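# Examination of the molecular architecture
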Amino acid sequence: MKQSHLYVPTLKEAPKDAEVKSHKLMLRAGLIKQTAAGIYTYLPLGLKVLKNIEAIIREELDALGCSELLMPALQPKDLWDESGRWDDYGPELMRLKDRKDREFCLGPTHEEVITAVVRDVLTSYKKLPLALYQIQTKYRDEMRPRFGLMRGREFIMKDLYTFSKDVDDMNHWYETVKEAYSRIFERCGLSTKIVASNTGEIGGIEAHEFMVMSEVGEDTILYSPSSTYGINAEATTLQAGDMAPDASGPLKSGKGIEVGNIFKIGTKYSDTMGAAYQDQEGHMHPIQMASYGIGISRTLMAVVEEHATEDGLRWPASLTPFDYHVLPLTDDATATDAFYQRLAKSYKVLLDDRRERAGVKFKDAGLIGIPRRVILGKTFKDGFVELEVNGEKETLTVAEFWQSVNA
RNA sequence: CGGGAAGUAGCUUAGCUUGGUAGAGCACCUCGUUCGGGACGAGGAGGUCGCAGGUUCAAAUCCUGUCUUCCCGACCA
């Protein structure tokens with residue numbers, strides 16, 4: 001990909017609206033642009049990373065036997081009346097009317113829709129279990145959007161719903177997805193703590209959240225430094241210094257970014273919306289549901305927050321928008337283009353073909369943070385390139401370079 | 001929603017106290033010199049000073065209202 005075609009509007013100075021590191025950097029590196037409070041445009045570079053996160057999620061969930069579908073963002077009030085949440089949800093629900101005055105909302109979550117989608121079909125024990133997920137834009141009319149992608153009014157989320165014949169099977173899915181979530185975040189370069197939480201607006205029996213510990217996090221976490229025990233402070237009367245319930249030592253307190261959550265819902269929606277199946281004896285039972293979310297746009301922000309320096313992004317190999325950033329500093333377009341074409345056969349390559357001075361290219365490359373940088377400079381005509389990986393620079397002959405990249 | 005702050009060119013901002021019709025840096029266009037870590041010089045383009053009303057001979061500046069954005073808090077799958 002030629003940089004002149006990609007639209008990467010980098011900024012020397014961050015807009016004054018941004019305060020936290022990740023927000024400033026995402027604006028400066030040309031990943032996002034604010035469109036309204038808590039509403040962002042994902043620019044090409046940011047979108048590429050989002051797609052990489054999504055690909056990891058799809059791989060892990062598909063491996064569990066989950067299937068992807070896509071539900072509408074625009075949802076009729078009728079469904080929310082069935083569950084009772086039209087009245088329960090409060091002003092966070094984005095409500096609107098069509099030209100005939102029929103009421104709708106922009107979905108903050110999709111329990112109602114998914115239940116309506118499956119209830120006519122999942123009427124026999126033979127069709128259970130089932131696990132369906134989507135990646136979709138969600139809407140919440142937040143009182144106070146915050147910190148760029150951290151808390152938006154429109155954000156991208158993966159939501160998964162499982163349908164089970166009994167509590168044991170639901171519990172099995174719950175544990176299986178919990179493990180998959182840990183793998184997903186690990187592959188994204190994030191270390192997460194799993195903490196017990198409130199079941200909140202969705203309702204249900206038990207819930208856990210996946211937290212990335214960070215000083216810009218909005219949740220307060222109590223955790224045991226010597227075990228895996230952790231709990232969201234809003235779900236407990238425990239305090240920092242108290243003995244952990246697993247007796248592993250005194251609890252510590254820290255801030256966390258909630259990047260994922262999992263809920264055992266039980267039968268709240270199957271009861272109110274009539275999702276039931278017949279067992280072998282012909283008896284009716286409500287379907288046991290669970291739901292599982294990953295804030296994809298928030299995960300992007302958490303990755304930036306955790307990995308970036310004050311001066312630039314730093315992408316984990318699994319998420320990087322490009323494998324190589326090629327910076328030609330000479331006028332020999334023919335030779336550099338040939339080099340680029342060859343490398344691009346095997347890798348995702350960003351070629352800085354802009355007619356900019358070397359300093360500008362270096363600064364922008366540092367901002368964008370592609371892990372491997374190839375500099376085609378003064379000595380390129382003599383058969384040398386410079387390879388910079390994680391700030392470590394070495395000079396190679398072109399032949400050595402091709403050998404090293406196996407291309 | 002309570003408290004605080006701020007809206008002047010794409011970004012950062014000066015000017016506002018003491019009213020006289022807008023200035024800089026970066027970015028952009030032209031020319032020249034530069035040419036490996038955000039170059040320099042000269043010239044140029046770009047602004048309903050968030051919006052509306054009021055005071056005044058005159059408003060970016062004073063007054064009122066309103067919208068927007070950010071921060072703290074409360075709230076929150």
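See the structure printed just above.
Below is a summary of the structure that appears in this document. Computed from a prediction, not measured in an experiment: that's the story for all the values here.

Rules of the game
- Residues numbered from 1 in each chain as written.
- Chains lettered and ligands numbered in written order.
- Predicted model: local features only at pLDDT ≥ 70, side-chain atom pairs only at ≥ 80, totals over all residues.
- Heavy atoms only, no water.
- Helix = DSSP H or I, 4+ residues; strand = E, 2+ residues; numbered from the N terminus.
- Buried < 20%, exposed > 50% of the residue type's maximum accessible area, 1.4 Å probe, protein only.
- Contact = heavy atoms within 4.5 Å.
- Areas by Shrake-Rupley, 256 points an atom, 1.4 Å probe, with all protein chains shown as cover.
- Phe/Tyr/Trp six-rings, centres within 6.5 Å; stacked < 30°, edge-to-face > 60°.
- Lys NZ or Arg CZ within 6 Å of the ring centre and 35° of its normal.
- Pairing = 2+ DSSP bridges.
- Right-handed = clockwise from strand over helix to strand, strands pointing away.
- Axes fitted to C-alpha atoms, helices over the stretch in contact; angles between N-to-C directions.
- Parallel < 35°, antiparallel > 145°, perpendicular 65-115°, else oblique.
- Left-handed = near helix turned anticlockwise from the far one by under 90°.
- Nonpolar A, V, L, I, M, F, W, Y, C, P; charged D, E, K, R; others polar.
- Salt bridge = Lys/Arg side-chain N within 4 Å of Asp/Glu carboxyl O.

Turning to the overall build of chain A, a few remarks are in order. A tally of helices and strands in chain A yields twelve helices and 21 strands. C-alpha atoms of chain A, sized along the principal axes, occupy 80 × 55 × 45 Å. Of all 407 residues assigned to chain A, the portion counted as buried reaches 49%. Long-range pairs, those at least 24 residues apart, make up 68% of the contacts in chain A between residues at least 6 apart in sequence. Of the roughly 19100 Å² of accessible surface on chain A, a fraction of 48% belongs to carbon and sulfur atoms.

In this section: the packing of aromatic side chains. Overall, the coordinates contain eleven aromatic pairs when judged by the stated rule. Through pairs of rings, three or more aromatic residues link up here, namely Tyr324, Phe339, Tyr347, Phe380, Phe401 and Trp402. For the cation-ring pair, Lys264 lies above Tyr174, with the distance from its terminal atom to the ring centre recorded as 4.7 Å.

Our next topic: the pairing of strand β17 (residues 324–328). Counting buried positions along β17 gives five out of five residues, so the element sits mostly inside the fold. What you see with β17 is no split at all: Tyr324, Val326 and Pro328 on one side and His325 and Leu327 on the other are buried throughout. Where β17 meets strand β18 (residues 349–351), three bridges bridge the pair, whose relative direction is parallel. What sits directly across from Val326, in β18, is Leu351. Following the chain from β17 across helix α10 (residues 333–344) to the adjacent parallel β18, one finds a crossover that is right-handed. Across five bridges, β17 lies against strand β19 (residues 372–376) in parallel orientation. Paired with Tyr324 across the strands is Arg372, a residue of β19.

Residue position: Val349 is located in strand β18. Among residues more than four places away in sequence, those in contact with Val349 are Met1, Phe322, Tyr324, Val326, Tyr340, Leu343 and Ala344.

Glancing now at the sheet that holds strand β6 (residues 103–106). In space, the three strands of this open sheet follow the order β4-β6-β5, with antiparallel pairing throughout. The strands lining the two open edges of the sheet, one partner per strand, are β4 (74–76) and β5 (94–97). For this sheet, the mean inter-axis angle between neighbouring strands, taken without regard to orientation, is 35°. In terms of strand pairing, β5 meets β6 through four bridges, oriented antiparallel. In the strand pairing of β6, Lys97 is matched with Glu103.

Where α10 meets helix α12 (residues 398–405), the closest approach of the two axes is 12 Å, and the angle between their N-to-C directions is 15°. The pairing of α10 with α12 is recorded here as roughly parallel in orientation. In the packing of α10 onto α12, the handedness of the crossing is right-handed. Where α10 approaches α12, its residues Phe339, Arg342 and Leu343 are matched on the opposing element by Phe401, Trp402 and Val405. Of the residues assigned to the contact of α10 with α12, the class counts are five nonpolar, no polar and one charged.

All right, on to the pattern of salt bridges then. Close approach of charged atoms lets side chains of opposite charge pair. All told, the structure shown has 24 salt bridges when counted by the stated rule. The salt bridge partner of Glu68 is Arg58, with a shortest N-O separation of 2.7 Å. Note that Glu68 is positioned in strand β3 (residues 67–68) and Arg58 in helix α3 (residues 44–63), a separation of ten residues in sequence. For Glu68, a relative accessible area of 37% puts it in the partly exposed group. By relative accessible area, Arg58 is classed as partly exposed at 27%. Taken together, the shared-partner salt bridges in this structure form one network comprising Glu59, Glu60, Arg183 and Arg187.

Another aspect to go through is unusual backbone geometry. With an omega dihedral of 0°, the bond running from Leu128 to Pro129 counts as a cis peptide bond. Mapped onto the secondary structure, Pro129 falls in the loop between α6 (111–118) and β7 (130–139). Not every positive phi belongs to a glycine, and Ala247 is a case in point at roughly 60°. Relative to the assigned elements, Ala247 resides in the loop between β12 (230–232) and β13 (252–266). Given a relative accessible area of 59%, Ala247 falls into the exposed group. Of note, Asn390 is a non-glycine position whose phi angle comes to about 50°, a positive value.

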